[in-house]
Amino acid sequence: MKKHIGWIAGTTAAALVAAGAITYAVAEDGDGPGRSVPSADGADAGFARDMAVHHQQAVEMSYVIRDRTTNTDVRRLAYDIAQTQANQRGMLLGWLDLWDLPKVSAKPPMSWMGMGDMPERGDGSLMPGMATDTELKKLGTLNGKQAEIFYLQLMTDHHKGGIHMAEGCVAKCTVEVEKNLAQGMVDAQQSELATMKQMLKERGAKPRD
């Protein structure tokens, strides 16, 4: 387990170091002589907007659990997820600024994936994998092992939804560096899913299905 957590921490550090380079690479990839800026309704902008919202909730959940448990492995995982996704969220919003595109859209979430007509869970859950407001409130009332299990279950669902969205960008986005970042999200979150499954097993629990 500690080997997995250490690898995630190393990946987080590498992502933070590379953030500036990736942002400028996207600017060059999506703008400049002979290049066109992505459209407001296209996959590049849609993914940036939706994943920024999706990531923000992961960051919030991760900071909640760090106050609800003293377990080192869970706290370290939560810190790594919060730092990685906050960093990526900053890049996504930064790209929208570079492209001079709005950070919000009148269209439903996931419209860029052709899923704008999907039914919402409601109660604050705007996209697949997102926790409801009720679930977030519950997480904030739990402590210790119960909080750890619920966080790991919520984050497992969250990662599954995030992976689905990132795979959509890999298939539909046109800015190469953004596609690469999306594939990196898929790879990293799949690894974290395996880690969280093992952590749940150690606590006599399993992912929600």
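The residue numbers shown here count from 1 along each chain, following its written sequence. Totals for whole chains, interfaces and linings use every residue, but because this is a predicted model, local features are given only for residues with pLDDT of at least 70 and side-chain atom pairs only at 80 or more, for both listing and counting. By convention in this description, side-chain values take in all heavy atoms of the structure and omit both hydrogens and water.

## Some remarks on the packing of helix α3 (residues 72–98) against helix α6 (residues 176–202)
Lines fitted to the C-alpha atoms define the axes, with helices restricted to the stretch that makes contact. Angles between their N-to-C directions range from 0 to 180 degrees. Think of it this way: any DSSP run of H or I at least four residues long counts as a helix, any run of E at least two long counts as a strand, and we number them from the N terminus. Two numbers describe how α3 lies on α6: the axes approach to 12 Å, and their chain directions differ by 165 degrees. Of the possible angle classes, the one that applies to α3 and α6 is roughly antiparallel. Classified by chirality, the crossing of α6 by α3 is left-handed. Here α3 contributes Asp 73, Val 74, Leu 77, Ile 81, Gln 85, Gln 88, Met 91, Leu 92 and Trp 95 to the contact with α6, which in turn contributes Glu 178, Leu 181, Met 185, Gln 189, Glu 192, Met 196 and Met 199. Throughout this description, any angle smaller than 35 degrees is read as roughly parallel, any larger than 145 degrees as roughly antiparallel, any in the 65 to 115 degree range as roughly perpendicular, and the remainder as oblique. Handedness of each helix crossing follows the sense of rotation of the near helix against the far helix: counterclockwise by less than a right angle gives left-handed, clockwise gives right-handed. Contacts: residue pairs with any heavy atoms within 4.5 Å of one another.

## Here's the deal with helix α2 (residues 43–66)
Because each turn of an α-helix spans 3.6 residues, side chains separated by three or four positions end up pointing in the same direction. Helix span is expected to be 1.5 Å times the residue number reduced by one. Compared with the 34 Å implied by 1.5 Å per residue over 24 residues, the 34 Å span of α2 between its first and last C-alpha is a close match. Counting buried positions along α2 gives 18 out of 24 residues, so the element sits mostly inside the fold. Think of it in three bands: residues with accessible area under 20% of the maximum for their type are buried, residues over 50% are exposed, and the middle band is partly exposed, with areas taken using a 1.4 Å probe on protein chains only.

## Here we look at the layout of surface pockets
In this approach a probe as big as a water molecule rolls over the atoms, and the regions it shows empty are the leftover space. A cavity here means a set of 1 Å grid points, computed over protein atoms only, where a 1.4 Å probe fits but cannot escape. A pocket is an open set with protein on both sides within 12 Å along at least 5 of 7 lines, and lining residues have an atom within 4 Å of a point. Grid points are joined across faces, edges and corners, and a volume is the space filled by probe spheres set on the points. In this model, the largest pocket occupies a volume close to 280 Å³. Taken together, 18 residues make up the lining of the largest pocket; nearest its centre are Arg 49, Asp 50, Ser 105, Lys 107 and Pro 109. The class makeup of the residues in the lining of the largest pocket is nine nonpolar, four polar and five charged. Only Asp, Glu, Lys and Arg are considered charged, only Ala, Val, Leu, Ile, Met, Phe, Trp, Tyr, Cys and Pro nonpolar, and every remaining residue, Gly among them, polar.

## What to know about the packing of aromatic side chains
Under the pairing criterion, centres of Phe, Tyr and Trp rings, with the six-membered ring standing for Trp, must be within 6.5 Å; the plane angle then separates stacked pairs below 30 degrees from edge-to-face pairs above 60, leaving the rest tilted. Tallied over the full model, the rule gives two aromatic pairs. Look at Phe 47 and Trp 112: their rings are 5.8 Å apart centre to centre, the planes differ by 80 degrees, and that puts the pair in the edge-to-face class. Of this pair, Phe 47 sits in helix α2 while Trp 112 sits in the loop between α3 and α4 (133–139), placing them 65 residues apart in sequence. Stacked on the ring of Phe 150, the Lys or Arg Lys 138 has its end atom at 4.5 Å from the ring centre. Only Lys NZ and Arg CZ are tested; either one counts as a charge over a ring when it is within 6 Å of the ring centre and within 35 degrees of the ring normal.

## A few points about the state of the cysteines
By disulfide we mean two sulfur atoms from cysteines, separated by a distance within 2.5 Å. Inspection of the entire model under this criterion finds one disulfide. Put simply, Cys 169 and Cys 173 are joined by a disulfide, and their sulfur atoms are 2.2 Å apart. Here the disulfide of Cys 169 and Cys 173 is left-handed, its torsion about the S-S bond being about -120 degrees. According to the relative accessible area criterion, Cys 169 is buried, its value standing at 0%. Taking the relative accessible area as the measure of exposure, Cys 173 reaches 4% and is therefore buried.

## Examining the environment of Asp 44
Relative to the elements of secondary structure, Asp 44 occurs in helix α2. Considering only alpha carbons, one finds Asp 44 and Val 175, 131 residues apart in sequence, at a separation of 6.8 Å. Every residue in contact with Asp 44, bar those within four places of it in the chain, is listed here: Pro 38, Trp 99, Cys 173, Thr 174, Val 175 and Glu 178. Here a polar contact is taken to be a pair of N or O atoms separated by no more than 3.5 Å, where protein atoms must pair a possible hydrogen donor with a possible acceptor and residues adjacent in sequence count only if both atoms sit in side chains. Within the structure, Asp 44 has its side chain in polar contact with the side chain of Thr 174 (distance 2.6 Å).

## Some points on the confidence of the model for the protein chain
Caution is warranted with low-pLDDT regions, since their predicted coordinates should not be read in detail. Chain-level statistics for the protein chain give a pLDDT mean of 87 and a share of 83% at 70 or above. For every residue, the pLDDT score states the predictor's confidence, bounded by 0 at the bottom and 100 at the top. Long-range and interchain partners of residues 30–34, a stretch whose pLDDT sits below 50, account for five contacts in this model, where long-range means more than four residues apart.

## Details of unusual backbone geometry
The backbone phi angle of Asp 100 is positive, close to 55 degrees, even though this residue is not glycine. For Asp 100, the position within the fold is in the loop between α3 and α4. With relative accessibility at 68%, the residue Asp 100 sits in the exposed group. One non-glycine residue, Asp 123, adopts positive backbone phi at about 55 degrees.

## Quick look at the pattern of salt bridges
A side chain with one charge may pair with a side chain of the opposite charge, provided their charged atoms come close. Counted as salt bridges are all cases of a side-chain nitrogen of Lys or Arg within 4 Å of a carboxyl oxygen of Asp or Glu. Within this structure, the stated rule accounts for seven salt bridges. Between Lys 103 and Asp 97 there is a salt bridge, and its shortest N-O distance comes to 2.4 Å. Glu 148 is the salt-bridge partner of Arg 203, the closest N and O atoms lying 2.7 Å from each other. You can see Arg 203 sitting in the segment after α6 and its partner Glu 148 sitting in helix α5 (residues 144–172), a full 55 residues away along the chain.

## A short note on the nonpolar core
Each nonpolar core is a collection of buried residues, namely Ala, Val, Leu, Ile, Met, Phe, Trp, Tyr and Cys, held together in the definition by side-chain atoms within 4.5 Å. The biggest cluster of nonpolar side chains holds 50 residues, and the ones touching the most others in it are Phe 47, Tyr 151 and Met 165. For this core, the elements supplying multiple residues, two or more each, are α2, α3, α5 and α6. Examining the composition of this core, we find that 11 residues originate from one element, α5, more than from any other.

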